[in-house]
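Residues per chain are reported as follows:
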Amino acid sequence: MRYIEANGLRVSRIGIGTWQFGSREWGYGEAYATDVAPALIRRALELGITMIDTAEFYGPAKSERIIGNTLTDPTLALPAHERAAITVATKFMPIAPAEQVLAWQCAGSRCRLQTDALDLYYAHWPNPLVSARRVMQSVRPLLAQGLVKRVAVSNYSLDDWQRAERALRAPVVANQVRFSLIAPAPAQELVPWAAAHDRLVVAYSPLGQGLLSEGRNPFGDAQTKGMRRYMRPDGAEARRLTAVRAVLGDIARANSASWTQVALAWVLGHPNTVAIPGARTIEQLEANAAAADLVLAEDEMARLTQAAAAD
Ligand SMILES: NC(=O)c1ccc[n+]([C@@H]2O[C@H](COP(=O)([O-])OP(=O)(O)OC[C@H]3O[C@@H](n4cnc5c(N)ncnc54)[C@H](OP(=O)(O)O)[C@@H]3O)[C@@H](O)[C@H]2O)c1
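Note that the structure is predicted; figures quoted are calculated from it, not measured.

Q: Tell me about the packing of helix α4 (residues 99-113) against helix α5 (residues 132-144), and please be specific about residues and values.
A: For any two helices packed against each other, the geometry comes down to the angle between their axes and how far apart the axes lie. Contact pair α4 / α5: the axes reach a minimum separation of 9 Å and the direction vectors enclose 50 degrees. Of the possible angle classes, the one that applies to α4 and α5 is oblique. In terms of crossing hand, the pair formed by α4 and α5 is right-handed. Taking contact as the criterion, the partners of E99, L102, A103 and C106 in α4 are, on α5, S138, V139, P141 and L142.

Q: Report on the site of the ligand, specifying residues and quantitative values.
A: In the vicinity of the ligand, 26 residues are found, and the nearest of them are G17, Y204, L207, G210 and G278. Per-element accounting of the shell around the ligand gives the leading share, 3 residues, to helix α10 (residues 282-290). Of the residues belonging to the shell around the ligand, the class tally is 8 nonpolar, 16 polar and 2 charged.

Q: Tell me what's going on with α4, and back it up with residues and numbers.
A: The end-to-end C-alpha distance of α4, which contains 15 residues, comes to 21 Å, matching closely the 21 Å that a straight helix rising 1.5 Å per residue would cover. All of the buried residues along α4 are L102, Q105, C106, S109, R110, R112 and L113. Along the long axis of α4, the arc covered by the buried residues comes to 165 degrees, so they all point the same way. Among the exposed residues of α4, those oriented more than 90 degrees off its buried face are Q100, W104 and A107. Buried-residue contacts for α4 involve α2 (62-71), β5 (87-92), β6 (120-123) and α5. Positive phi shows up at Q114, right after α4, with a value of about 55 degrees.

Scoring rules and cut-offs
All residue numbers refer to positions counted from 1 along the written sequence of the respective chain. Owing to the predicted nature of the model, reporting of local features is limited to residues with pLDDT of at least 70; listing and counting of side-chain atom pairs is limited to 80 or more, with chain, interface and lining totals taken over all residues. Inter-axis angles, ranging from 0 to 180 degrees, are taken between N-to-C directions of lines fitted to C-alpha atoms, where helices are fitted over the stretch in contact. Each helix is a run of DSSP H or I of at least 4 residues and each strand a run of E of at least 2, with the numbering of both proceeding from the N terminus. When describing relative orientation, an angle under 35 degrees is termed roughly parallel and one over 145 degrees roughly antiparallel, while 65 to 115 degrees is termed roughly perpendicular and anything else oblique. By definition, any crossing whose near helix is turned counterclockwise from its far helix by less than a right angle is left-handed, and any crossing with a clockwise turn is right-handed. Placing a C-beta atom from the backbone of each residue, one calls two residues in contact when those atoms lie within 7 Å. By definition, a residue lies near a molecule or strand provided its backbone-derived C-beta atom is within 6 Å of it. Think of it as three bins: nonpolar holds Ala, Val, Leu, Ile, Met, Phe, Trp, Tyr, Cys and Pro, charged holds Asp, Glu, Lys and Arg, and polar takes everything else, Gly as well. Here the expected length of a helix is defined as 1.5 Å per residue gap, with one fewer gap than residues. Counts of 20 or more other C-beta atoms within 10 Å of a residue's own C-beta define buried residues, counts of 12 or fewer define exposed ones, and intermediate counts define partly exposed ones; C-beta atoms are placed from the backbone. Working note: the arc is built from the helix axis to C-beta atom directions.

Dropping the structure here:
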């Protein structure tokens, strides 16, 4: 596993995304939530993963509960210093411009995660009715009271990220955005800014929700269950996917790696990035963790970047 430190936050470059935990929309079923999800967290820790990504909205609330229960399970016996090295990142929806509402949301997440202070607290999406400045004004008391250790944003433009930081009067250490070979835009502006200012870009859906795996037929997979059945790529995204899939095989073979590992290595080939793929199985998680150690050659990065630029 490789690690990165930005603004005092040290995390593994591959984390684990947990939207899938307890979420009906993924179609993974009850046994996934009760058995597979806790096993994924335990295995992730064994593999050196120290970034666990969740949100109050996932499940809703079930993902946070599963993580809280797993990390405090006496059979795991996680020593305090090991827990301190793990970043459990969660997110709030900035639904109202009111400090009391956010304090209540934060208390809910702390309770479900069974922790006194949230390691990393993201504003999940910009709210067009509540400015970035107003959102961060509501976060400030949580930081001051020590209920939140670090603050981040998600799905923010660079302007809004900077605006949020000015309003917080403290570093907004990360911006979590959709970033992959089929969604390469963050490489243009967000990544260079993060690299220049000791911040992180956290890549969500780094596998295009599975579209970048060799086994999937991205344009019509009868096996696909849940919401992804209705999420067929089209337009520029479909063209990017076709172009990228045409080169993934070659590069994967040359590196004795899988397509998904190459897709993750491409994200990590950018400075100050972390990728947080979700996983349906332990085998997927293990393959994803191993991708942290795959470093693509310059010409391989360039070939993939060119394919991802298809418009
Ligand atoms: N901030 C936000 O707004 C936001 C939005 C979306 C997601 N997120 C976060 O980012 C995390 C990751 O994004 P995501 O789950 O949407 O998409 P993703 O990580 O791109 O895709 C995850 C899916 O890809 C497949 N997969 C995973 N590892 C694989 C492997 N090694 N080989 C083949 N297939 C593999 C699995 O689906 P199948 O095997 O079923 O195909 C898995 O459920 C989420 O869990 C969540 O924590 C944040």
